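Working through the structure, step by step
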Amino acid sequence: MGQTIVKIEESWRKALQKEFDQPYFNTLIQFLKSEKNKGKTIYPPGPLIFNAFNTTPLSNLKVVILGQDPYIKPNQAMGLSFSVPKEIRTPPSLKNIYKELNTDLGLPIVNHGDLTAWANQGVFLLNAALTVEAGNSGAHLKKGWEQFTDAVIRLISEEREHIVFMLWGNFAKAKGELIDANKHLVLKAAHPSPLARGAYFGSKHFSQANTYLENKGLGAIDWTL
């Protein structure tokens, strides 16, 4: 793996080997080491940085939900976009996702924010940057992570077919150019953040995803948590 050692699920490791061997990725790893050496706290903890990949192998993948970067408060970030551990208070954007699930599919609004059950079914919860500095949102953007995750999105588009991509907000929507819309379903909506003033509601992405997956014979996602 060149100079870079990454603990990541085997199918992803093989598919992304050439990215791990690129100079930019080694530079990214050195940046993270140097930040830690300066005493900065980085989220999520090291073993969870590639949690989305380790929980959702490439061959199992059905849906991609793209976030920007991890949560910045203690104990929130767990390596899955929008998700927080069960004991942590549900963040505002995720509360709005639950409201949409309730109106779209009639699912009850749960009192926790752990989305691991989705990831286990093939919902790839990918952030564009896989790390962040504590308390400093966006601090690790433009450090190499986007080059890596853009390559991941391209790989999924090229190697798989009939994947549902949910792109919420302008940052995620811009990634649509990496995806072949002729062989995948690309769904775009406003961001679920309260800052979007409710523009996300009514997008019905969850029911659209399941209809598409069922029509392709791939089986629906059980969005219940």
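In case you missed it, the structure is sitting above this.
Here's what I pulled together on the structure shown here.

Reading the values: rules and limits
Residues numbered from 1 in each chain as written. Predicted model: local features only at pLDDT ≥ 70, side-chain atom pairs only at ≥ 80, totals over all residues. Heavy atoms only, no water. Helix = DSSP H or I, 4+ residues; strand = E, 2+ residues; numbered from the N terminus. Rg over C-alpha atoms; globule rule 2.2 N^0.38 Å. Buried < 20%, exposed > 50% of the residue type's maximum accessible area, 1.4 Å probe, protein only. Contact = heavy atoms within 4.5 Å. Areas by Shrake-Rupley, 256 points an atom, 1.4 Å probe, with all protein chains shown as cover. Lys, Arg positive; Asp, Glu negative; His and termini not counted. Charge placed at Lys NZ, Arg CZ, Asp CG, Glu CD. Patch = residues over 30% accessible without salt bridge, like charges linked within 9 Å, V, L, I, M, F, W, Y side chains within 5 Å. Salt bridge = Lys/Arg side-chain N within 4 Å of Asp/Glu carboxyl O. Expected span 1.5 Å × (residues − 1). Pairing = 2+ DSSP bridges. Axes fitted to C-alpha atoms, helices over the stretch in contact; angles between N-to-C directions. Core = buried A, V, L, I, M, F, W, Y, C linked by side-chain atoms within 4.5 Å. Phe/Tyr/Trp six-rings, centres within 6.5 Å; stacked < 30°, edge-to-face > 60°.

The next point concerns the overall build of the protein. Scanning the protein from terminus to terminus reveals nine helices and six strands. The C-alpha radius of gyration of the protein comes to 17 Å, within 12% of the 17 Å expected for a compact globule of 225 residues. Its C-alpha atoms put the protein at 50 × 35 × 25 Å along the principal axes. Among the 225 residues that make up the protein, the fraction classed as buried is 54%. When contacts within the protein are restricted to residue pairs at least 6 apart in sequence, those whose partners lie at least 24 apart make up 67%. Counting every atom, the protein has about 10500 Å² of accessible surface; 49% of that belongs to carbon and sulfur. Averaged over its 25 positive side-chain charges, the protein has a centre that lies 5 Å from the centre of its 20 negative ones.

Here the focus is a positive patch on the surface. On the surface, a cluster of positive charge is made up of Lys73, Arg89, Lys95 and Lys99. Its location among the elements puts Arg89 in the loop between strand S2 (63-67) and helix H5 (92-105). By relative accessible area, Arg89 is classed as exposed at 70%.

Taking 1.5 Å per residue as the helical rise, H5 with its 14 residues ought to reach 20 Å, and the 20 Å between its terminal C-alpha atoms agrees with that figure. Where H5 is concerned, the buried positions are Ser93, Leu94, Asn96, Ile97, Tyr98, Glu100, Leu101 and Asp104.

By the element assignment, Asp114 lies in the loop between H5 and helix H6 (116-120). Despite its burial, Asp114 remains without a salt bridge, the nearest opposite charge being carried by Lys86 at 4.1 Å. When near neighbours in sequence (up to four residues on either side) are disregarded, Asp114 contacts Met78, Ser83, Val84, Pro85, Lys86, Tyr98 and Leu225.

A few words now on the sheet that holds strand S3 (residues 123-127). With parallel pairing, four strands are arranged side by side in an open sheet as S3-S2-S5-S6. Of all strands in the sheet, those bounded by a partner on one side alone are S3 and strand S6 (185-189). Along the sheet, successive strands turn relative to each other by an average axial angle of 20°, direction set aside. Pairing of strand S5 (residues 164-168) with S6, which is carried by five bridges, proceeds in the parallel orientation. Bridge pairing in S6 places Val164 opposite Leu185. Strands S2, S3 and S5 of the sheet are contacted by helix H7 (residues 145-159), whose axis makes an angle of about 155° with S3.

Ranked by size, the top nonpolar core spans 68 residues in total, and within it Trp12, Phe53, Phe148 and Trp223 carry the most contacts. If we ignore the near neighbours within four places in the chain, the residues touching Phe53 are Ile8, Glu9, Trp12, Leu16, Phe124, Leu126, Leu130, Phe148 and Val152.

Moving on, we come to H7. A rise of 1.5 Å per residue sets the reference length of H7, with its 15 residues, at 21 Å; its end C-alpha atoms lie 21 Å apart and thus fit the reference within 8%. The buried fraction of H7 amounts to eleven of the 15 residues, a majority that puts the element mostly inside the structure. Restricting attention to buried positions, one finds in H7 the residues Trp145, Glu146, Phe148, Thr149, Asp150, Ala151, Val152, Ile153, Leu155, Ile156 and Ser157.

What follows concerns the packing of aromatic side chains. Enumeration according to the criterion identifies 21 aromatic pairs in this entry. When the ring of Trp12 is compared with that of Phe53, the centres are 5.0 Å apart and the planes differ by 80°; the resulting orientation is edge-to-face. Of this pair, Trp12 sits in helix H1 (residues 10-15) while Phe53 sits in helix H4 (residues 51-55), and the two are 41 residues apart along the sequence. Side by side, Trp12 and Phe53 carry an identical accessibility label, which is buried.

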